[in-house]
Amino acid sequence: MAGEDQQRWQQRQQQQLGLHGNTGTSAEAAGTSVQEQQQRRLILLHAQIRIEMKKYFMQYLDTHGPGMEAYVCTSVVQLLCRTVKLAWFDADAPRGIVDECKALMERGSPGHYLLALKVLTMLVSEINTATPGRTLTAHRKIAVSFRDLSLLSVFKVALVALRQLLDNRAEPRLKEQGLTLALACLSFDFVGTCLDDSAEDMSTIQVPSSWRGLIEDPSTLQLFLDYYAASGPPPSKLALECLVRLASVRRSLFSSDVERSKFLNRLVNGCRDILRAQSGLAEHHDNYHEFCRLLGRLKTNYQLSELVSVDNYTEWIQLVAQLTIDSLNSWQWAKDSVYYLLGLWSRLVSSMPYLKGDSPSLLEANVPKITQAYITSRLESVRLVLVGGSSLDDMLDAEDQLSEQLESLPYLVRFQYDKSSQFVCSLIDPLVVNYKQATTMTGLDAAAKQQLAVLEGQLAWMVSIVGSVIRGRLSSSSSSAESQESIDGDLAARVFGLLSLMDTGVHQGRYQENSRQRLDMAVLGFFQNFRKVYIGEQVMQSSTVYSKLGERLGLADHQAVLTLMLLLLLLLLPGDAEQQRVMQSSNVYSKLGERLGLADHQAVLTLMLLLLLLLLQVMQSSTVYSKLRERLGLADHQAVLTLMLLLLLLLQVMQSSNVYSKLGERLGLADHQAVLTLMLLLLLLLPGDAEQQRVMQSSNVYSKLGERLGLADHQAVLTLMLQKIATNLKVYGSSEGLVHLTLTLFQDLATGYMSGKLLLKLEAVHFMLGHHTSAYYSFLDAPPNSRNRTCYYNTLARLLFMEDAPSRFKGFMAPLQSTCYYNTLAWLLFMEDAPSRFKGFMAPLQSAFGEIAARSSNCSSPAQLRQSAPQLAVVGLFRDLRGIAAATATRRTYSLLFDWMYPAHFRAVLCCLEAFADTPAVTTPLLKFVSEFVFNKSQRLTFDSSSPNGILLFREVSKVLVCYGQHVLNVQQVSDPYNDKYKGIWICLQALSRAMSGNYVNFGVFELYGDAALSDALGVALRMALSIPLADIMSYKKVAKAYFSLIEVLCHNHTGTVACQDSVTFGFILSSLDQGLKSLDVSISSACASAVDNLASFYFRNVVREPESGRPAPGSAEMQEHLRQQPALLPEILRSLFEIILFEENSNQWSLSRPMLSLILINEAVYLQLRQQIIVAQPPDKQPHLAACLDKLMTDVGSNLEPKNRDKFTQNLTIVRHEYRSKT
């Protein structure tokens, strides 16, 4: 830069930064202005200008920095650091900023010293943070270079500064800034893992090997310990944060195990000294919290065997145990920190099976005390919260903290399960006795109510604890599985026994009390945990068989076994060439065909897949294994799995003599006949449903439950759970949260295949399927539970559809028709001419729609329906129907619902929409039901080839859209645009998109027979879409997804229809596609790319080139006219695609590349102009490189849209993008 030019540039910067008027206001405005204006421009500046800017900012800070206001200084420092980051690869000068900061520190001025530390801290933070407008690759490239060249030097500067400041008793702000700099260095994202400082479980810090000397140096760790001892917060808190990160450095950093052990010794002894002195912990909560994090990191990064070998381990573990007990007892003050301490002890306990050597862990003496302290402190907290009123928060209400703590507790309780369970029983038994005695209480005064509330709260804690302990069975590594199941049964029996008391006597009148609702929530949580371990599919994982498989083969559950089997099947299945070779072997298959009827590969593979089903059953059945042992000597799972692995090998080399020699030696299976005979025997021994249930009931848990409560099997337990679910749905209508938890449990039980089958055997479920209305379950009438109705009916429908029983479906739907349906639509169906109307609904299909349309137009008054039909009942009806529709996952089940709905009740849907069109509370569930009803998920909408049902269904959808659209298009000003207008529109667009992409309607029929259903639906849908400003479409994610999904469908299947729209509509569609391509949502940008590709390909094939059919498709001329009037539409889209592909990160590059060739071929001259504009828009130093890359784009690409030509273009584009970005 010439001298005069540089002087003029500096003068401009002086004016912007307020150099001549160093007031806070002018400098703040200038600093903020420069930062905002130049943040986007810095990337495009010439390299030399960035270097000069960096130099100027540094000089300016040197001259004015110490006297500037703090917030102004921060803005200027941030701008300096961002400039340095962007100029990092421009020259060597920006990398010298560390040495320049050292020079500032040597000036002897505290202000310059602090300024230098601020600059270095901001520099580390800036380089560690991705810059807007820059790709992640470019960011990591700079970050890695900074890590390798400068970060260690910055950390050394921080350590030197901290030592100087500690010795000189400097100002606290200097110490704090020095510690902040050290923490920033240790928090650097060394390997691009996006380390989150707020994460509770911080990952291992991948410090580079060049740091080894500093980390191993004893003075480094001691420095932070000294800072903690010598100062208070915030410096002491920062020192602890640095220690947390030092405790997290990777194991492989240390030069030897000896050095690692020394480092751990220093760290543990430092913690011991802090615990001894208790300095700074009780007085400062921040210190306490960070210290607990430090203790938690010790076991996360080090093994128990390493900890017990540390000097003074005995004293350290005792002090930590005492700290944990004190924290648990001081729950009001330390509730946020308990998570780390419980996590430490749970990890210590989990490591006990792997501890070797004679060094005592001392966990046996301390863990029971911690367990007891946790439980007793929680029980005592209930009383204190009720006495303290609103001054104390109830920990049962803090769901996140509670779940975190209860995740660690099972490890502690199960460590010495016999003793711990006795303690738990000693606490819960008196509570249950008192709760039983309270059943007969009458006339409760305030003191009695408070006492009962305390009792309910304490029981809620105990039930939650028991539930978490039972859930811990899934992760337990104990070898005494059977004894633990017995203890689980003992604890569970106490909770199940409590259920018989909760809905009797005085407790029946306490459903509205918060303490009682917490108790019921705890019971539901217990049910969920018990279900996961001991009911249905999950019970398989708790079997002793799988503990053995886990020990010997690492196959700890059914999922692991099945995964292994499927992987082996895929790996060993012969390929096409191998299949042909083997199948040509007449000797093998001729023998198999003669002896067993297995004449080819298909027969053998079918048999093998059937054999795999054995693993889906309960293979620990004693009956099965006794028979296998008698006949074949296969006494356990290991023997069966060994045999299965050998059989899978058979698929690849079935004629190999070596395989059969091995099989003969091990199992006496000397040839194909022996092997296949065995397979058939195993299939004959496959246990059925009755055998599965018998095995599931063989758990010791059910033995204990049978002894104490008579709950001897799954069926009895599920019956009890269903009774509680039913009770909650009856009495807790006003508690939406509790109803939601209840229905979630019900849904989880019904979702499992085995548990769902078991539910179907219960009388309680049959009663619910026949009596599911508000007359039996009052929650259906409560407005807060409107959303829960969908879940409720979805679950009931799932159970109903498990069996092929059409008659049961009719019985299930009868209450809907006779209660909710009657109450809401009686006026419609039973007015004066109701019999003829009902007969009309049942008339032949060709005349039914004419009658429906006539009666709809002649309906006396929608307002009359609105007055006679309660709004809540209408809302509930459509939420119920939506839940049922969502549960129809097969053609059979969907047909049942369709036949019930059509034609009898669809007229009712339309009439309700007409009556409540201006009420979003009604239209939203109604439209969502329609959207779900037309959704062809899992190909459930598959009608017979001669069936008109698909066409008839679309006609009904069209009527719904037109009816709603006529109302919403007249809505002008609304207070809440999304809820009052946009929400209904996007649901309509979604319904139309689903109907048009479902492949169950031949849309050509509508035009052929002059039916306006399709044109009406498309017309009103596009008008509704255009009524939403484009900015609002892009702002609301659900609106954008529905809109662009519809546009994609239209451009793919109805391109001519889109082209025939007026110029305003066509321009809006293409402008919206341009905006959608820039969306960060991959699904939206991909849908837009597909739509653009279809439009551009349509234009190319019908306008640019001669159509193959000899005549252009409908809409070609219209589209040509649109583009003549608005010639910039397609070039702008092509420009956007080039900018996204070349300059931005994207995970859907293939999708975005597909429309580009079509757009280029439409007008290659425009493409050449656009190409030159893109090149010129780049910085001068990058233009030649970009031009050279783009020259390769059309290499070997022809002027056609054949698939191979498209693939070649996409390949070239990928190469261009890679070459350009690799040097920028």
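Right above here is the structure, for reference.
Residues numbered from 1 in each chain as written. Predicted model: local features only at pLDDT ≥ 70, side-chain atom pairs only at ≥ 80, totals over all residues. Heavy atoms only, no water.

Trainee: It is not clear to me how the nonpolar core should be interpreted in this structure. Could you clarify?
Mentor: Among soluble globular proteins, nonpolar side chains are generally buried collectively. Membership of the largest hydrophobic core comes to 340 residues, with the highest contact counts inside it found for Phe-496 and Phe-530. With residues near it in sequence (within four places) discarded, Phe-496 still touches Phe-526, Phe-527, Phe-530, Leu-705, Leu-709, Leu-711, Val-717, Leu-720 and Met-721. (Core = buried A, V, L, I, M, F, W, Y, C linked by side-chain atoms within 4.5 Å. Buried < 20%, exposed > 50% of the residue type's maximum accessible area, 1.4 Å probe, protein only. Contact = heavy atoms within 4.5 Å.)

Trainee: Quick question: what am I supposed to make of the side chain of Thr-893 here?
Mentor: Tracing the chain through its elements places Thr-893 in helix H45 (residues 891–901). Within the structure, Thr-893 has its side chain in polar contact with the backbone nitrogen of Ala-889 (distance 3.5 Å). Apart from residues lying up to four places away in sequence, Thr-893 is in contact with Phe-801 and Thr-888. (Helix = DSSP H or I, 4+ residues; strand = E, 2+ residues; numbered from the N terminus. Polar contact = N/O pair within 3.5 Å; in protein donor to acceptor, adjacent residues only side chain to side chain.)

Trainee: Even after reading the chapter, I still don't get the pattern of salt bridges, so can you show me in this structure?
Mentor: Pairing is possible between side chains that carry opposite charge, provided their charged atoms lie close to one another. In total, this model carries 39 salt bridges according to the counting rule given. Where Glu-1121 meets Arg-1124, a salt bridge forms, and the shortest distance between an N and an O atom there is 2.5 Å. Here Glu-1121 and its partner Arg-1124 are both found in helix H57 (residues 1116–1125), three residues apart, which amounts to about one turn of the helix. Through salt bridges that share partners, Arg-272, Asp-273, Arg-276 and Glu-315 make up one connected network. (Salt bridge = Lys/Arg side-chain N within 4 Å of Asp/Glu carboxyl O.)

Trainee: Help me out: how do you make sense of unusual backbone geometry in this one?
Mentor: Most peptide bonds adopt trans geometry, and most residues besides glycine take a negative phi value. Look at the link from Pro-233 to Pro-234: it is a cis peptide, with omega at 5°. Tracing the sequence through the fold places Pro-234 in the loop between helix H10 (218–230) and helix H11 (235–246). The omega torsion of the bond from Tyr-902 to Pro-903 falls at 5°, within 30 degrees of zero and hence cis. For Pro-903, the location among the structural elements is in the loop between H45 and helix H46 (906–915). Of note in this structure, Asn-312 is not a glycine but carries a positive phi near 65°. Structurally, the position occupied by Asn-312 is in the loop between helix H14 (304–308) and helix H15 (313–329). With a phi angle near 60°, Asn-999 is a residue other than glycine that sits in the positive phi range. The topology assignment puts Asn-999 in the loop between helix H49 (977–996) and helix H50 (1004–1008). The class for Asn-999 is exposed, based on a relative accessible area of 73%.

Trainee: What is the right way to read the packing of helix H17 (residues 338–350) against helix H19 (residues 399–413) from this model?
Mentor: Packed helix pairs are specified by the crossing angle of their axes together with the interaxial distance, meaning the distance between the axes. Between H17 and H19, the least distance of the axes is 8 Å, while the angle of their chain directions is 30°. Classified by the angle their axes make, H17 and H19 are roughly parallel. Note that H17 runs across H19; the crossing there is left-handed. Two secondary-structure elements touch here, H17 through Val-338, Tyr-339, Leu-342, Gly-343, Trp-345, Ser-346, Val-349 and Ser-350 and H19 through Glu-404, Gln-405, Ser-408, Tyr-411 and Leu-412. Looking at side-chain class alone, the contact of H17 with H19 contains seven nonpolar, five polar and one charged residues. (Axes fitted to C-alpha atoms, helices over the stretch in contact; angles between N-to-C directions. Parallel < 35°, antiparallel > 145°, perpendicular 65-115°, else oblique. Left-handed = near helix turned anticlockwise from the far one by under 90°. Nonpolar A, V, L, I, M, F, W, Y, C, P; charged D, E, K, R; others polar.)

Treat this as a map of the structure, not an account of what it does.
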